[in-house]
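Listed below, chain by chain, are the residues.
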Amino acid sequence: SSLLSVIDRKILSLVVDPVRAELNLNDVEIGLLQGLAFGLVYAIGGVVLGALADRYNRRNLVIFGVVVWSVATAAAGLAQSFGQMFAARVIVGFGEAALAPAAVSLIADLFPADRRGRPMGLYMTGQAIANGVAISMTGVVLAAAAANRFASIGLPASVSPWRTTFILCGASGALLVVLLMTCREAPRGGERLAPSLFAQGRETFQHLIDRRRFFAPLYLGFAACFMAAYGSAAWTPTMLGRVFDLGPADLAKTLGPLTVAFAVLGPLIGTAVIDPMVRRFGDAGRLLLVAGVVLLAVPSGLAVLAPNGTISALLVASSSAVYPFVGLGVVTALQAAWPARMRGLGVALTGLFNTIIG
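Residues numbered from 1 in each chain as written. Predicted model: local features only at pLDDT ≥ 70, side-chain atom pairs only at ≥ 80, totals over all residues. Heavy atoms only, no water.

Brief notes about the overall build of the protein chain
Quick note on the threshold: Per the convention used, a helix needs a DSSP run of H or I reaching at least four residues, while a strand needs a run of E reaching at least two, with both numbered from the N terminus. Throughout, the radius of gyration refers to the C-alpha atoms, and the reference size of a globule is 2.2 Å times the residue count to the power 0.38. We call a residue buried when its accessible area falls under 20% of the maximum for its residue type, exposed when it is over 50%, and partly exposed in between, using a 1.4 Å probe and counting protein chains only. Whether two residues touch is decided by their heavy atoms; if any such pair falls within 4.5 Å, the residues are in contact. His is not counted, nor are the chain ends, whereas Lys and Arg count as positive and Asp and Glu as negative. Throughout, a charge is located at the NZ atom of Lys, the CZ atom of Arg, the CG atom of Asp or the CD atom of Glu.
Counting its secondary structure elements, the protein chain contains 16 helices and 0 strands. The C-alpha atoms of the protein chain give a radius of gyration of 20 Å, which matches the 21 Å a tight globule of 358 residues would have. Along the first, second and third principal axes, the C-alpha set of the protein chain runs to 55 × 45 × 35 Å. Counting only residues that meet the buried cut, the protein chain has 53% of its 358 residues in that class. Long-range contacts, defined as pairs at least 24 residues apart, comprise 82% of the intrachain contacts of the protein chain with a sequence gap of at least 6. Computed over 26 positive and 17 negative side-chain charges, the separation of the two mean positions in the protein chain equals 7 Å.

Quick look at the structure:
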């Protein structure tokens, strides 16, 4: 589910210029579609859905999110104007907001605090490799659509390749729903629930205030890190196309595999070192490790100055190892810091701060 959610979120950044030309948009409008349209509802909706994840069936909440974002992704492929595309992106953001709070809460109930690094690493790996998978898959689908290879399923050559990509990615959500139906809800940590959603929100806010010296730098530091991550993800494919003349097929062969390789490397290293650091040094060791690792993303910012497209793609892809590592460290710290009955909302706050700032 994390893999598909990022793919559906990522598609637009890979087809910026075709969408821009067909819908007669400018770069500011494209920026709004990638940022505000998705992010505003993702941030606010995540807080609401995070609170629901603390009280209701989390598996069903994820299924609801998958259905919503998949339908909206397919609808984006039918958009005829900026307004219609904006609306579709808003709904994608709302659907995807259900995933992280529910998934992270489930993982926390399935594993003890000093053993959560590996399962969270798998979850983060799914999100991290999705960028590379989306790049490669989009390049292949665009080429196949241009060759009219989807006519047999009702998508003739008259349908723009970028539209075909949105429609097919949205339709793939049906398979994920079937798979999720085979999962079961895990028992919660045994803590009492507040008598109402409002009371639960009040308790969560009080816990946030009581531990503000821990939570404030953690949330804000994570958001600052993902300001760079979101900006890079939104515009890197377009930069590689405009500066180094790399089209979707070129990105599928270079940036896609490189991103997947680095994205696997980051969580793999993270799962090997974070849990031992926690067992030996506690939360302080984990957070110091994350603070040092985030500096390894700096070289990716020099990609636009690279002498050629291959080196630029390599620098861009290198950050795909860093951000999942940082996310793994921060989220496992939050799992330990929030009581079980508050984890959904506590994790949703990362979406709020990361999205508004990023």
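A word on the packing of aromatic side chains
Put simply, the rule is: Ring pairs are drawn from Phe, Tyr and Trp, using the six-membered ring of Trp, whenever the two centres fall within 6.5 Å, and their geometry is named by plane angle: stacked under 30 degrees, edge-to-face over 60, tilted for the rest. Note on criteria: charge over ring means Lys NZ or Arg CZ within 6 Å of the ring centre, with the direction from the centre no more than 35 degrees off the ring normal.
Per the counting criterion, the structure on display carries 11 aromatic pairs. Taking 5.5 Å as the distance between ring centres and 50° as the angle between the ring planes, the aromatic pair formed by tyrosine 219 and phenylalanine 353 counts as tilted. Within this pair, whereas tyrosine 219 is found in helix H11 (residues 212-244), its partner phenylalanine 353 is found in helix H16 (residues 343-357), the two being separated by 134 residues in sequence. Pairing phenylalanine 222 with phenylalanine 226 gives two aromatic rings, centres 4.8 Å apart and planes at 75°, and the pair type is edge-to-face. With phenylalanine 222 and phenylalanine 226 both in helix H11 and 4 residues apart, the pair spans about one turn of that helix. Considered together, phenylalanine 222 and phenylalanine 226 belong to a single accessibility category, that of buried residues. Through a chain of ring-to-ring contacts, three or more aromatic side chains come together here, namely Phe214, Phe215, Tyr219, Trp338 and Phe353. The ring of tyrosine 42 has arginine 9 sitting right over it, with the charged end atom 5.3 Å from the ring centre.

Describing the environment of valine 15
By the secondary structure assignment, valine 15 is in the loop between helix H1 (2-14) and helix H2 (16-22). The contact partners of valine 15, leaving out residues within four places of it in the chain, are Thr138, Leu142, Trp162 and Phe166.

Examining the pattern of salt bridges
Heads up, the condition is: For this analysis, a salt bridge means a side-chain nitrogen from Lys or Arg found within 4 Å of a carboxyl oxygen belonging to Asp or Glu.
A full pass over the atoms with the stated rule returns 9 salt bridges. Note that aspartate 27 is salt-bridged to arginine 20, the shortest N-O span being 3.0 Å. Residue arginine 20 is classed as partly exposed on the basis of its relative accessible area of 31%. Across the pair arginine 343 and aspartate 109 runs a salt bridge, and its minimum N-O distance is 3.5 Å. Residue arginine 343 is located in helix H16, and its partner aspartate 109 is located in helix H6 (residues 99-110); the two are separated by 234 residues in the primary sequence.

Notes on helix H7 (residues 117-146)
Rule in force here: What a helix is expected to span follows from its residue count: subtract one and scale by 1.5 Å. At any given residue, the bend is defined as the angle formed between two axes, one fitted to the seven residues that end at that position and one fitted to the seven that begin there.
The terminal C-alpha atoms of H7 lie 43 Å apart, and with 30 residues this matches the ideal 44 Å at 1.5 Å per residue to within 8%. Within H7, the axis deviates most sharply at alanine 130, by approximately 35°. Most of H7 is tucked away, with 21 of its 30 residues classed as buried. Within two residues after H7, asparagine 148 carries a phi angle of roughly 60°, on the positive side.

Observations regarding the packing of H7 against helix H8 (residues 161-171)
Think of two packed helices as two axes; the pair is described by the angle between the axes and how far apart they sit. Here is the rule we go by: The convention used is that axes are lines fitted to C-alpha atoms, helices contributing only their stretch in contact, and that angles between N-to-C directions extend from 0 to 180 degrees. When an angle is under 35 degrees it counts as roughly parallel; over 145 it counts as roughly antiparallel; between 65 and 115 it counts as roughly perpendicular; any other value is oblique. The handedness criterion is simple: a crossing whose near helix is rotated anticlockwise from the far helix by less than a right angle is left-handed, and one whose near helix is rotated clockwise is right-handed. For this classification, Asp, Glu, Lys and Arg are treated as charged, while Ala, Val, Leu, Ile, Met, Phe, Trp, Tyr, Cys and Pro are nonpolar and the rest, including Gly, are polar.
Between H7 and H8, the least distance of the axes is 8 Å, while the angle of their chain directions is 120°. By the angle between their axes, H7 is oblique relative to H8. H7 and H8 meet at a crossing whose hand is right-handed. Within the contact between the two elements, H7 uses Met137, Thr138, Val141, Leu142, Ala145 and Ala146 and H8 uses Pro161, Trp162, Thr164, Thr165, Leu168 and Cys169. Along the lines of polarity and charge, the residues of the contact of H7 with H8 split into 9 nonpolar, 3 polar and no charged.

Considering the environment of phenylalanine 111
Relative to the helices and strands, phenylalanine 111 is located in the loop between H6 and H7. Owing to a relative accessible area of 32%, phenylalanine 111 belongs among the partly exposed residues under this scheme. Among all residues touching phenylalanine 111, those that are not within four sequence positions of it are Arg116 and Pro119.

Description of the side chain of threonine 238
Topologically, threonine 238 is positioned in helix H11. A residue is classified by how much of its surface remains accessible, and threonine 238, at 6% relative accessible area, is buried. Contact partners of threonine 238, with chain neighbours within four places excluded, come to Ser13, Val16 and Asp17.

Describing the side chain of threonine 73
By the element assignment, threonine 73 lies in helix H4 (residues 58-76). For threonine 73, a relative accessible area of 1% puts it in the buried group. Not counting chain neighbours up to four residues away, the residues in contact with threonine 73 comprise Asp8, Ile11, Val92, Phe166, Cys169 and Gly170.

A closer look at unusual backbone geometry
Residue asparagine 24 is not a glycine yet carries a positive backbone phi of 60°. Looking at where asparagine 24 falls in the secondary structure, it is placed in the loop between H2 and helix H3 (27-53). Here the phi dihedral of aspartate 245 falls at roughly 60°; this positive angle occurs in a residue that is not glycine. Looking at the secondary structure, you find aspartate 245 in the loop between H11 and helix H12 (248-253). According to the relative accessible area criterion, aspartate 245 is exposed, its value standing at 65%.

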